Each structure stands twice: as C-alpha cells, then as structure tokens.
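# Close look at the chain arrangement
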Amino acid sequence: MTSMSRARVARRIAAGAAYGGGGIGLAGAATVGVLLAEVQLARRRVGNGTPSRVPNAEGLYGGTLPPGGEPPLRLVMLGDSTAAGQGVHRAGQTPGALLAAGLAAVAESPVELRSVAVPGARSDDLDRQVAVVLADAVRVPDVCVIMIGANDVTHRMPATRSVRHLAGAVRRLRTAGAEVVVGTCPDLGTIEPVRQPLRWLARRTSRQLAAAQTIGVVEQGGRTVSLGDLLGPEFAQNPREMFGPDNYHPSADGYATAAMAVLPTVCAALGLWPADEERPDVSRREGFLPVARAAAEAASEAGTEVAAAMPTGPRGPWALLKRRRRRRVAETEPEHSAQPS
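Along each chain, residue indices are assigned from 1 in the same order as the chain's sequence is written. Where totals are concerned, whole chains, interfaces and linings use all residues; where local detail is concerned, this predicted model gives features only for residues with pLDDT of at least 70, and gives and counts side-chain atom pairs only at 80 or more. Side-chain numbers here rest on the full set of heavy atoms in the structure, without hydrogens or water.

Another point: the overall build of the protein chain. Secondary structure elements are defined from DSSP: runs of H or I of at least 4 residues count as helices, runs of E of at least 2 residues count as strands, and each element is numbered from the N terminus. In terms of regular secondary structure, the protein chain is built from 12 helices and nine strands. Relative to its 341 residues, the protein chain shows a buried fraction of 56%. We call two residues in contact when some of their heavy atoms are within 4.5 Å. Relative to all contacts within the protein chain whose residues are 6 or more apart in sequence, the contacts with residues 24 or more apart total 81%. Accessible surface for the protein chain amounts to roughly 14200 Å². Of this, 52% is attributable to carbon and sulfur atoms. When a residue's accessible area, from a 1.4 Å probe over protein chains only, is under 20% of the maximum for its type it is buried; when over 50% it is exposed; and in between it is partly exposed. For the area figures, the Shrake-Rupley method with a 1.4 Å probe applies, and any residue is considered shielded solely by the protein chains shown.

Within the secondary structure layout, Val143 lies in strand β4 (residues 143-147). If sequence neighbours within four positions are ignored, Val143 has contacts with Arg74, Leu75, Val76, Leu103, Glu179, Val181, Val266 and Leu270.

Turning next to unusual backbone geometry. Not every positive phi belongs to a glycine, and Glu108 is a case in point at roughly 55 degrees. Phi at Arg285 is positive, roughly 60 degrees, even though this residue is not glycine. Following the sequence through the fold, Arg285 ends up in the loop between α11 (252-269) and β7 (287-290). Using a relative accessible area of 53% as the deciding quantity, one classes Arg285 as exposed.

Okay, α11 next. Since the α-helix packs 3.6 residues into each turn, any two residues three or four apart lie on the same face. Taking 1.5 Å as the rise per residue, α11 with 18 residues should run 26 Å; its terminal C-alpha atoms sit 25 Å apart, in good agreement. Burial analysis of α11 places 15 of its 18 residues in the buried class, the great majority of the element. Positioned one or two residues after α11, Gly271 has a phi angle of 75 degrees, which is positive. Here a helix's expected span is defined as the number of its residues, less one, multiplied by 1.5 Å.

Remark: nonpolar core denotes a set of buried residues (Ala, Val, Leu, Ile, Met, Phe, Trp, Tyr, Cys) joined through side-chain atoms within 4.5 Å. Ranked by size, the top nonpolar core spans 33 residues in total, and within it Leu75, Leu99, Leu103, Val145, Val181 and Val262 carry the most contacts. If you list the elements that add at least two residues to this core, you get β2 (73-79), α3 (81-84), α4 (95-107), β3 (111-115), β4 and α11. At eight residues, α11 tops the list of elements feeding residues into this core. Setting aside anything within four residues of it in sequence, one finds Leu103 in contact with Leu73, Val111, Val143, Leu263, Val266, Cys267, Leu270 and Leu272.

For the protein chain, the average pLDDT comes to 78, and 67% of its residues sit at 70 or higher. Every residue in residues 21-27 scores below 50 in pLDDT, and together they form 21 contacts with partners more than four places removed in sequence or on other chains. pLDDT expresses, on a scale from 0 to 100, how confident the predictor is about each individual residue. Note on residues 45-51: pLDDT under 50 across the span, and 20 contacts to partners over four residues away in sequence or across chains.

Where empty space is left can be seen by rolling a probe of water-molecule size over the atoms. The rule is simple: put a 1 Å grid over the protein atoms alone, call a set of points where a 1.4 Å probe fits but cannot get out a cavity, call an open set with protein on both sides within 12 Å along at least five of seven lines a pocket, and count a residue as lining if it has an atom within 4 Å of a point. Grid points are joined across faces, edges and corners, and a volume is the space filled by probe spheres set on the points. Taken as a whole and judged by the stated rule, the model has two cavities of 30 Å³ or more. Its boundaries defined by the atoms lining it, the second largest cavity holds a volume of some 40 Å³. If you go around the second largest cavity, the residues you meet are Cys185, Pro186, Asp187, Ser206, Arg207, Ala210, Ser226, Gly228 and Ala299. It is helix α8 (residues 198-219) that contributes the most residues to the lining of the second largest cavity, three residues altogether.

A few words on helix α7 (residues 159-176). Here α7 spans 26 Å end to end across 18 residues, near enough to the 26 Å set by a 1.5 Å rise per residue. Those residues of α7 not exposed but buried are Ala159, Thr160, Ser162, Val163, His165, Leu166, Ala167, Gly168, Ala169, Val170 and Leu173. Phi for Gly177, located one or two positions after α7, is positive at around 110 degrees.

C-alpha of Arg285 to C-alpha of Leu321: the two residues are 36 residues apart in sequence and 8.4 Å apart in space. Those residues in contact with Arg285 that sit more than four places away from it in its chain are Glu301, Leu321 and Arg323. The term polar contact refers here to a pair of N or O atoms within 3.5 Å; inside protein, the definition further demands a hydrogen-donor-capable atom paired with an acceptor-capable atom, and it admits residues adjacent in sequence only when both atoms are side-chain atoms. At 3.3 Å, the side chain of Arg285 forms a polar contact with the side chain of Glu301.

Below, the structure written as structure tokens:
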C-alpha cells in the first residue's frame, strides 16, 4: 500500500471517529478473524516465564526534593501492558522508570512518576484512566505518555471507536493543562508465532490503526511517536533479545529501545529539547505535511514523531514530521525513592 493510500485510509478512519461513524473495517472480516485466531494463540503463551505482577515503578526520580524548592515534574503513564512494563522483573526496567530517569537528567530536576496503565487495557479504558489522573485538580501532570492499540486490534474493536476514545482522552488531558505524547499501536507482525501471510496482514492492520491514531491525537493537540515494530530493525534482527520470555511483550532491552525513541518527544513537549533541533532537518526527511500524509509516513517508520504545525492548509490540518536523534537512556537501572511493592 502506498503512502497516499495509507493516508486516505487513516483519514477515513479518523473522520469516522470524529463524526461518530460506525465500524470502518481495517481488513476483510474473514481474514481478520483468521489473523486474530493466530494472535490469540500467540497470546496464550503470555505468562510463560513472564511475571504476572507488573513491577511498581512509581516514585521520585532524579534525587530528592529540597525543602521549599520547586515541585517535581509530574509524568504519568497511561495505556496497556506496554505502558505498564509487563514482561520485566524490576521496576527500573519499565518504560515509565526509564522515561522518568531520562527526563530528570535532561531537565536537571526531580521527576515524580505515576502509572495508571493496566495490562490488557483497550482504548475504551482510557476514559477511566484519565478520570483517575485528573481526580486531583491540584496535581495535574506536566506530561502524560499513552501507549495503546494492540489489544484493540486483537479484540476487534472498530478502528473508529478506538480512535474516538484515544482522541477524547487526549482532549481531556490537554484541556486540563497536561502535555500528551502517544506511542501508537505497535506492529503485531513482529510477534513470532504469527506466520506469513498473516504476518503481513497484522503489520498492515497495525499500521492503519497507528496512522489513524496519529490524526486523532494531533488534532487534539498531542504528539505521537510511532512504535511500529517497537523501534527499528533491532526487533526483526534480534527478537530473542528484544522480546521477553513470552515472545509477546518487550524485554528489558526492548523497553529501553522504546524509551529512547519516546524520550526526545517528551522533552520537546515540555520545551526541554535544544531549540536548534526543533527546526525540520531536510537531510533527515523532516518537514511540514498534511496531517494524514504525515501520519501514514510515521506509521511506516518507527520512532517518527508527528506534532501539530498549522491550524489548516489547502488539504486540511498540517503537521510537522520529525525523526529526532535519540539520546541513550542510562545503562544502569534508574534509582528512585519508592521501592516496588
């Protein structure tokens, strides 16, 4: 499928979500049924060698707070098992801990991490998660990171409904004053037990949802980072290292790779990234595009950021597509003031 074709599909799904459309399909129903059967078989292996309890990474990162000093930056993780960090054994290996430690280093300020992500969650659970996050109006997060979408595909949630819930969550968080970064639907075609030709269909379905998610998020003032095949050729070349024991969730190395890709966008959303890197770099194929085309391109290349650029243009809203240089997350596990429960 060409970039323009992907853009048209993504635009149609996003429009259906915005205007209450029904279940615009991502692929033929019979074929999707076979695909989902394959993915469900793969998911039955989850738990074999994988901790059933997600490590508790909540706490303060980047040192202690001085008496009477500035409050810490507040980072909240929302979404599914990928956001929660299922598949690793230690709190410091979770994406939330890695992002909090990286953000603290860049900001030179302590970061308070909170997580309301739930393994198995779909986009319709974001309504509840956002309500929990915003329950205390005095402690609105500075930035929220959402990772969601894989369970929507495997549970056959209509794409329009999926995007509608995600866009609504972003709108509520942005209205409350939080920056929002969304890691879009990962590439289910990387799950090893799923074989060809269903592997190709899983990749296509995942990318279509990711592109539609990007349109919905950017139109509500958020930013997206394409997780794709969980960020680059490392996963295709080294699945044993990048996937955990269940061959479904990322390993510690996999989460570190994801965190390295998301961290620059989190920092940029908070105004902490170098100003000279905010301008599009033509040599990295960055630039301003209609939002649907930017979404389609981002879905095809993991680690790509999309953010709103202009209110509108001849072909609708425009966006800035960025391929940010990644900064390594510390090799050692981050320290924080709260111990896993």
